[in-house]
Amino acid sequence: MHDDLLQKLKHFDESRPGVPGEHWLAFAAGLGLWIATRRHPSVAVRVIASLAGTLLVARAASGREVPPLLARLPFAGRAPRRHDWIG
């Protein structure tokens, strides 16, 4: 049941037209969640916001027509290159 729903969502996402800048918006929203909730007094809020922020950043780096700068993130689903990391 879950696999069927996931396949339907993937098919819907692949068939829709791209929105200009959607990857940058998802990236900004993910970073915003991380920053906005990093000092929240509730552990549950911090954990959920961290998870949601990570999912948004991963979505920004792994969708269709990913900008070159976001393609360098570790979520991008490509083999890491030597120059990706400092050191």
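This one's a predicted model, so the numbers in the text were calculated from it and none came from an experiment.

**Focus on the overall build of the protein chain**
In terms of helices and strands, the protein chain carries four helices and zero strands. In the protein chain, the succession of α and β elements from N to C terminus is α-α-α-α. For the protein chain, with 87 residues in total, the buried portion stands at 22%. Considering only intrachain contacts with a sequence separation of at least 6, the fraction spanning at least 24 residues in the protein chain is 48%. With the model as given, the accessible surface of the protein chain reaches about 6,900 Å², and the carbon-plus-sulfur share is 67%.

**Describing the pattern of salt bridges**
Using the criterion set out here, one finds two salt bridges in the structure. With a shortest N-O distance of 3.8 Å, Lys8 and Asp4 are connected by a salt bridge. Of this pair, Lys8 and Asp4 both sit in helix H1 (residues 2–15), four residues apart, roughly one helical turn. The class for Lys8 is exposed, based on a relative accessible area of 54%. The exposure class assigned to Asp4 is partly exposed, which follows from its relative accessible area of 45%. The closest approach of N and O atoms between Glu22 and Arg59, which form a salt bridge, is 3.8 Å.

**Digging into the nonpolar core**
A general feature of soluble globular proteins is that nonpolar side chains tend to end up buried together. If you look at the biggest cluster of nonpolar residues, it comprises five residues: Ala26, Phe27, Val57, Ala60 and Leu70. Secondary-structure elements contributing two or more residues to this core are helix H2 (22–36) and helix H3 (43–62).

**Observations concerning H3**
The end-to-end C-alpha distance of H3 is 28 Å, a good match for the 28 Å that 20 residues give at a rise of 1.5 Å each. The backbone nitrogen of Ala44 lies 3.4 Å from a side-chain oxygen of the residue at the head of H3, namely Ser42.

**A word on the packing of H2 against H3**
With their axes 8 Å apart at the nearest point, H2 and H3 run at an angle of 160° to one another. Here H2 is positioned roughly antiparallel relative to H3, judged by the angle of their axes. In terms of crossing hand, the pair formed by H2 and H3 is left-handed. In this structure, H2 uses Glu22, His23, Ala26, Phe27, Ala29, Gly30, Leu31, Leu33 and Trp34 to contact H3, whose residues at the interface are Ala49, Ser50, Ala52, Gly53, Thr54, Leu56, Val57, Arg59 and Ala60. Residue composition of the contact of H2 with H3, grouped by class: eleven nonpolar, five polar and two charged.

**Things to note about the environment of Ala61**
When you line up the elements, Ala61 lands in helix H3. Ala61 sits 38 residues away from His23 along the chain, and the two C-alpha atoms are 7.2 Å apart.

The rules behind these values
Residues numbered from 1 in each chain as written. Predicted model: local features only at pLDDT ≥ 70, side-chain atom pairs only at ≥ 80, totals over all residues. Heavy atoms only, no water. Helix = DSSP H or I, 4+ residues; strand = E, 2+ residues; numbered from the N terminus. Buried < 20%, exposed > 50% of the residue type's maximum accessible area, 1.4 Å probe, protein only. Contact = heavy atoms within 4.5 Å. Areas by Shrake-Rupley, 256 points an atom, 1.4 Å probe, with all protein chains shown as cover. Salt bridge = Lys/Arg side-chain N within 4 Å of Asp/Glu carboxyl O. Core = buried A, V, L, I, M, F, W, Y, C linked by side-chain atoms within 4.5 Å. Expected span 1.5 Å × (residues − 1). Polar contact = N/O pair within 3.5 Å; in protein donor to acceptor, adjacent residues only side chain to side chain. Axes fitted to C-alpha atoms, helices over the stretch in contact; angles between N-to-C directions. Parallel < 35°, antiparallel > 145°, perpendicular 65-115°, else oblique. Left-handed = near helix turned anticlockwise from the far one by under 90°. Nonpolar A, V, L, I, M, F, W, Y, C, P; charged D, E, K, R; others polar.

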